[in-house]
Amino acid sequence: MIEVAHGFHHFSGIGASASLTPVRARFRMSTIARVERDEAGLRLDRWFKRHYPGLGHGPLEKLLRTGQVRIDGKRAHAGDRLEPGQGIRIPPQLEGKTEPQTQPPRPPSVSDADKEFMERLVIHEDPSVFVLNKPSGIPTQGGSGVKRHIDGLLDALQGKKRQRPRLVHRLDRDTSGVLGVARTLPAAAALSESLRRRDARKIYWALTRGVPKPHRGVVKLALAKEGGFGRHGRDERMAPAETEAAEAKAATTHYAVLGTAADQYAWVALRPVTGRTHQLRAHLAHLGTPIVGDFKYGGEAAKGRGEIEDRLHLHARSIDMAHPDGGRLRAIAPLPAHMLHAWRLFGFDPNLMADPFVDER
């Protein structure tokens, strides 16, 4: 909704006998834009990106710094979260330069094959949230040289909704399992806040080479990015680091062994407290029991034997987090084919529903 407020000068008499000289008044117009219901929780800078795509970050910061953008008459900041009905003052100089998007952009065309692919991934759906079972081998988001990824295919799930679905967290390319997707902006804000507060409880399953000892424990090992890996030396991996180091980030993982195949393999459940890049992979490798198929952290020791495939055996099994509409969102993702084969081979139960960390709640 757009309202227009007119600002003008008031003129008073100069004296009883003075003649009035015609004065040309200057009229300036400022636009007051109202926050819509489906924009609740959106950051102010994101709101401007949506409605005024031609306005860069630098110019917006200048307008904010000089008080020319206001929310309900008060000075505003780029990170302010919006509420329905609030009035955003749009500076007059923006008029005619960039136009607000009054209609949502039309989603790009999605092939029937991609639509069918994405619909098969949905394991939970309600008005606010999708939960997908992401396959191993497809990236969550785009990057250098990446053309096909989950984020780019979310248009297939938009349906008749005004807004495009949004990722609220991610999984590594070769990690499979539960992936939360918000269907509205308020849902995205609520889910992101739940993750920020570490209210979300995620459990992963992994197949390791060797059996972690003890069978149950907590790994507290800070990690830092280390470059120079990969065929061309451009890849990064996480390496143990001193907590005090500038690049180090604290990382904590709970683990529990749920099954073993002699002393060669173990079925390990993992509950990350923090969410660092490659945290679970690095922590299990640190224990001397790398995840099968994880050659970046386990080298040759991570190689599968016999019928075990040389693919990463790491799966985001379940998630439990606050639902944007109240209550809890709980979802469980079935194992991918290569892990299901290993589970059956070793006699592990792929349908186990118990939470091995229930005592730590």
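Going by the structure above, here's the rest.
Given the structure is predicted, the values throughout are model-derived calculations rather than measurements. (Residues numbered from 1 in each chain as written. Predicted model: local features only at pLDDT ≥ 70, side-chain atom pairs only at ≥ 80, totals over all residues. Heavy atoms only, no water.)

*Asks:* Requested: an account of the pairing of strand β17 (residues 328-332), with residues and values cited.
*Replies:* Burial of β17 is one-sided: the residues Leu329 and Ala331 facing one way are buried, the residues Arg328, Arg330 and Ile332 facing the other way are not. Sheet analysis places strand β16 (residues 314-322) next to β17, joined by five bridges and oriented antiparallel. Of the residues in β17, the one forming a bridge with isoleucine 319 is alanine 331. (Buried < 20%, exposed > 50% of the residue type's maximum accessible area, 1.4 Å probe, protein only. Helix = DSSP H or I, 4+ residues; strand = E, 2+ residues; numbered from the N terminus. Pairing = 2+ DSSP bridges.)

*Asks:* Lay out unusual backbone geometry in plain terms, naming residues and giving numbers.
*Replies:* Look at the link from lysine 213 to proline 214: it is a cis peptide, with omega at 0°. When you line up the elements, proline 214 lands in the loop between β10 (201-209) and β11 (216-220). Positive phi outside glycine occurs at aspartate 72, with the angle close to 50°. For aspartate 72, a relative accessible area of 48% translates into the label partly exposed. If you check the backbone angles, alanine 262 has positive phi at about 55° while not being a glycine. Along the chain, the position of alanine 262 falls in the loop between β14 (252-261) and β15 (265-272).

*Asks:* Mind laying out the environment of proline 91, listing which residues take part and the relevant values?
*Replies:* Note that proline 91 resides in the loop between β5 (87-90) and α3 (112-121). The exposure class assigned to proline 91 is buried, which follows from its relative accessible area of 0%. Between the alpha carbons of proline 91 and isoleucine 32 there is a distance of 9.1 Å; along the sequence they are 59 residues apart. With near-sequence residues (within four places) excluded, proline 91 lies in contact with Leu63, Gln68 and Val69. (Contact = heavy atoms within 4.5 Å.)

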